[in-house]
Amino acid sequence: MSEKALAERFGEVVLPHLGDALALARWLTGNAADAEDVVQEACMKAHAGISGYAGGNARAWLLTIVRNTAYTWMSRNRPRGMVTVGNLGDLDDMAAAHGTNLPDEDGPEARLIARADAVALEAAIAALPRPFRETLVLRDISGLSYREIAAMLGVPMGTVMSRLARARGLLVSELGRAP
């Protein structure tokens, strides 16, 4: 394939899913700056492998690269015991960049409550054990199917369903205790 054809294919396969890639990287790394580094590295890997892309779900293909890149990046750049959830203010910046804002029509009190709820949810998701958090983010935030998640993680579909149920149960339990 010529460089021009590879660039066109990259534009068709990868570029439409960059927002999803950044969101997944943000959830996995815990902050926007690291997520940008991960997505940049993942895009370089996707570009290098675009000629081997055989078709199918381009979004799942890219998110698999992002996931693997994120874990490799974190193993190189973070001490093993370090866990970060990032600056919760980054969520507002990311939401604004993707055109999703807190509702304005209900007034300042509703916005404050919605923001507090979002912060509590963010913290609860960040506190989940990695396998549960990863499965929850891939399904409920990134919208991947059980089959795509199972293939991405290399686990049976039943394990995906079990992890998702446990993650949701832990969230309900944690958020139920929140003041």
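As shown above, the structure is provided for reference.
About the criteria used
- Residues numbered from 1 in each chain as written.
- Predicted model: local features only at pLDDT ≥ 70, side-chain atom pairs only at ≥ 80, totals over all residues.
- Heavy atoms only, no water.
- Core = buried A, V, L, I, M, F, W, Y, C linked by side-chain atoms within 4.5 Å.
- Buried < 20%, exposed > 50% of the residue type's maximum accessible area, 1.4 Å probe, protein only.
- Contact = heavy atoms within 4.5 Å.
- Helix = DSSP H or I, 4+ residues; strand = E, 2+ residues; numbered from the N terminus.
- Phe/Tyr/Trp six-rings, centres within 6.5 Å; stacked < 30°, edge-to-face > 60°.
- Lys NZ or Arg CZ within 6 Å of the ring centre and 35° of its normal.

Trainee: Break down the nonpolar core for me, citing the residues and quoting the values.
Mentor: Judged by nonpolar contacts, the single largest core of 44 residues is most densely connected at Val-14, Leu-24, Val-66, Leu-136, Leu-138 and Leu-144. The contact partners of Leu-136, leaving out residues within four places of it in the chain, are Ile-125, Leu-128, Ile-141, Leu-164, Ala-167, Arg-168 and Leu-171.

Trainee: So what's going on with helix H7 (residues 130-141)? Residues and values would help.
Mentor: Every buried residue of H7 is accounted for by Phe-132, Arg-133, Glu-134, Thr-135, Leu-136, Val-137 and Leu-138. Count one or two residues on from H7 and you reach Gly-143, which has phi positive near 75°.

Trainee: Tell me about the packing of aromatic side chains, and please be specific about residues and values.
Mentor: Enumeration according to the criterion identifies one aromatic pair in this entry. Seen in terms of ring centroids, Tyr-53 and Trp-61 are 4.9 Å apart; in terms of plane orientation they differ by 50°. Their pairing is tilted. The class of Trp-61 is partly exposed, set by a relative accessible area of 22%. Looking at Arg-130, its charged tip hangs above the ring of Tyr-71, at a distance of 4.1 Å from the centre. In this structure, Arg-139 packs its charged tip against the face of Tyr-146, placed 4.7 Å from the ring centre.

These figures capture arrangement, not role.
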